[in-house]
Structure formats: C-alpha cells, structure tokens
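# Commentary on secondary and tertiary structure
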Amino acid sequence: MTVYLPIMLDCRGKHCVVVGGGKVAERKTLGLLEAGAAVTIISPALTPRLAELTDNASVVWLSRTYAPGDARGAFLVYAATDDPAVNGEVAREADSLGVPVNVGSHAEAGSFITPGVLRRGRLTVAVSTSGAGPGIAARITKLLEETLGDEYEDYLDFLYKMRQEIKRRERSPEVRKRLLKRLGTLNVLDEIREGAFTAWDSEQIETWIAQHREE
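The protein chain goes by precorrin-2 dehydrogenase in an unreviewed UniProt entry, where it is assigned to Paenibacillus sophorae. Listed under Catalytic activity (unreviewed entry) in UniProt, the entry text for the protein chain is "precorrin-2 + NAD(+) = sirohydrochlorin + NADH + 2 H(+)". A UniProt comment under Pathway (unreviewed entry) is attached to the protein chain, and it reads "Porphyrin-containing compound metabolism; siroheme biosynthesis; sirohydrochlorin from precorrin-2: step 1/1."

Pasting the structure below:
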C-alpha cells in the first residue's frame with residue numbers, strides 16, 4: 001500500500017492544468033477554483049458546467065487534445081481524460097518535468113491523490129482511503145459532516161481573532177503561551193451551538209486577557 005503524505009497547498013493564482021473535459025475533470029476543476037488556482041483545461045469537449053466556466057472566463061480552455069509540452073510550467077497537473085493511454089502520457093511528462101500529477105483513471109500512476117474534503121470556514125478536513133475507493137471516502141466525509149457542523153466556522157473565526165489579538169497585545173512568549181492554552185478551554189463552541197454566543201468586542205477581549213495574564 002502506498003503511504004501518502006498529507007499536505008495543504010496554497011494554490012492561489014498558481015497555474016494548474018486539467019487534461020480532460022468530462023465529469024472527473026469537472027470535479028478536479030471545481031476543487032482547484034475553490035482553492036483560487038488559475039486553471040487551464042485541455043480537451044476537445046466540455047461538460048455543460050465546464051463550458052459555463054469558460055463562458056464567464058473562470059478558466060482558460062484549449063479546445064484540443066493533449067500535446068507534449070502542455071505540462072511545462074504548471075504548478076499541478078490533473079490527467080482526467082477517459083483514455084488511460086493519454087492519462088499515462090500526461091503523467092510521464094509531468095513526472096519528467098518534476099510537476100506533481102494526479103491521474104484519475106489510475107491513482108498510483110500519479111504522484112498525488114485528491115482526498116474527499118469537508119470545509120467549515122477555516123476548518124478543512126481531508127479524507128483518503130489510499131485507493132480503496134472514492135465512494136467510501138465520500139461516505140466517511142458525509143459522517144464527518146454530521147459531526148462537524150456549521151458552528152465550527154464561527155468557533156474557528158473566534159479563535160483566530162483571539163489568537164491574533166493575544167499575539168498583538170502580549171510581547172512575552174510565556175504570557176502568550178499561557179493565554180493561548182487558556183483560550184482552548186473556553187466553552188464558546190457550546191455557546192455557539194446553543195445560540196447564546198455574542199461576538200466579543202475589543203473591551204471584552206482586553207478584559208479577558210487581563211484576567212488571565214497572570215494565571
């Protein structure tokens with residue numbers, strides 16, 4: 001079994017290439033766009049959703065089959081055609097160029113796989129079954145959706161704001177460490193779930209920091 005290294009990539013503005021125009025290519029493209037990538041699709045034909053994205057200039061479309069050199073300069077490449085031979089050609093070229101490549105028809109032929117993803121604002125949870133099947137990954141992701149509700153978005157926004165304020169207001173590393181540890185014990189998540197939480201203003205934040213600065 002291949003053991004993959006979990007990693008989160010910043011794809012904002014990065015040139016990413018999707019070879020293929022079917023449903024698999026559509027899923028890959030939508031995921032890249034959600035991450036802010038600059039996407040080029042190479043395919044003679046597109047799904048209606050991908051065609052819509054080209055019409056509003058969300059992606060660049062090269063209306064042709066894959067050609068040698070198309071992977072050059074890419075940040076990531078997705079081989080997502082319905083032809084395993086073409087996907088293999090894409091993978092070999094990307095690999096020779098040192099470009100990470102995902103192969104839709106045969107995961108182990110690529111250098112990375114794309115997991116199932118659950119997002120709750122700042123929270124991102126990735127689920128991989130290491131090739132056991134995307135359907136199973138989707139079922140596990142669905143179970144996590146039921147466990148990790150929308151309240152986590154507000155909760156993590158609160159934690160992020162508090163961390164930034166603590167770092168801005170406290171110069172002592174020891175005090176910052178103590179406050180950040182204390183921050184994790186607050187029952188804000190339960191308050192959000194119960195609809196009883198109100199966002200803290202600057203005065204409340206300063207009061208809380210002062211109360212716990214010396215603990």
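On we go from here.
## Brief notes about the UniProt feature "domain: Siroheme synthase central" (unreviewed entry) in the protein chain
As recorded in UniProt, the feature "domain: Siroheme synthase central" (unreviewed entry) lies at residues 120–145. Helix makes up 46% of residues 120–145 and strand 23%, and the two end C-alpha atoms of the span are 9 Å apart.

## Considering the sheet that holds strand 4 (residues 76–79)
Spatial ordering of the open sheet is given by 3-2-1-4-5, a layout of five strands whose pairing is parallel. Of all strands in the sheet, those bounded by a partner on one side alone are strand 3 (60–62) and strand 5 (101–103). Each strand axis lies, on average, 15 degrees off the axis of its neighbour in the sheet, ignoring direction. With three bridges joining them, strand 2 (residues 38–42) and strand 3 adopt parallel strand pairing. Residue pairing in the sheet places Ile-41 in a bridge with Trp-61 of strand 3.

## A closer look at the packing of helix 6 (residues 173–183) against helix 8 (residues 202–212)
Interaxial distance between helix 6 and helix 8 falls to 10 Å at its minimum, and their mutual angle equals 110 degrees. One way to sum up the angle between helix 6 and helix 8 is to call them roughly perpendicular. Crossing of helix 6 against helix 8: the hand is right-handed. Residues Arg-178, Leu-179, Arg-182 and Leu-183 of helix 6 lie in contact with helix 8, whose contacting residues are Trp-208, Ile-209 and His-212. Residue composition of the contact of helix 6 with helix 8, by class: four nonpolar, one polar and two charged.

## Details of the environment of Glu-26
Structurally, Glu-26 can be placed in helix 1 (residues 23–34). Placed eleven residues apart in sequence, Glu-26 and His-15 show a C-alpha to C-alpha distance of 17 Å. Residues contacting Glu-26, with those up to four places away along its chain left out, are Thr-47, Arg-49 and Leu-50.

## A closer look at the nonpolar core
Core analysis: the largest hydrophobic core is formed by 20 residues, its most contacted members being Tyr-155, Phe-158, Met-162, Leu-183 and Trp-208. Elements represented by at least two residues in this core include exactly strand 7 (123–127), helix 5 (151–169), helix 6, helix 7 (188–193) and helix 8. It is helix 5 that contributes the most residues to this core, six residues altogether. A domain-level breakdown of this core finds at least three residues from each of domain 2 (115–148) and domain 3 (150–212). Apart from residues no more than four positions distant in its own chain, Met-162 is found in contact with Leu-183, Trp-200, Ile-205 and Trp-208. Cys-11, Leu-46, Leu-53 and Leu-76 belong to the second-largest nonpolar core, a separate cluster that totals 16 residues.

## Observations concerning the side chain of Asn-102
Relative to the helices and strands, Asn-102 resides in strand 5. Classification of Asn-102 by relative accessible area gives buried; the value is 4%. Ignoring anything within four residues of it in the chain, the contact list for Asn-102 reads Lys-28, Val-77, Tyr-78, Ala-79, Phe-112, Ile-113 and Thr-114.

## Brief notes about the pairing of strand 4
By the alternation rule, side chains of strand 4 split into Leu-76 and Tyr-78 and Val-77 and Ala-79, which are all buried. The sheet contact formed by strand 1 (residues 15–19) and strand 4 spans four bridges and is parallel. Bridged to Val-18 within strand 4 is Tyr-78. Sheet analysis places strand 4 next to strand 5, joined by three bridges and oriented parallel. Bridged to Ala-79 within strand 5 is Val-103.

Conventions adopted
- Residues numbered from 1 in each chain as written.
- Predicted model: local features only at pLDDT ≥ 70, side-chain atom pairs only at ≥ 80, totals over all residues.
- Heavy atoms only, no water.
- UniProt positions renumbered as here; feature names shortened; annotations may be inferred.
- Helix = DSSP H or I, 4+ residues; strand = E, 2+ residues; numbered from the N terminus.
- Pairing = 2+ DSSP bridges.
- Axes fitted to C-alpha atoms, helices over the stretch in contact; angles between N-to-C directions.
- Parallel < 35°, antiparallel > 145°, perpendicular 65-115°, else oblique.
- Left-handed = near helix turned anticlockwise from the far one by under 90°.
- Contact = heavy atoms within 4.5 Å.
- Nonpolar A, V, L, I, M, F, W, Y, C, P; charged D, E, K, R; others polar.
- Core = buried A, V, L, I, M, F, W, Y, C linked by side-chain atoms within 4.5 Å.
- Buried < 20%, exposed > 50% of the residue type's maximum accessible area, 1.4 Å probe, protein only.
- Domains from an automatic or database assignment.

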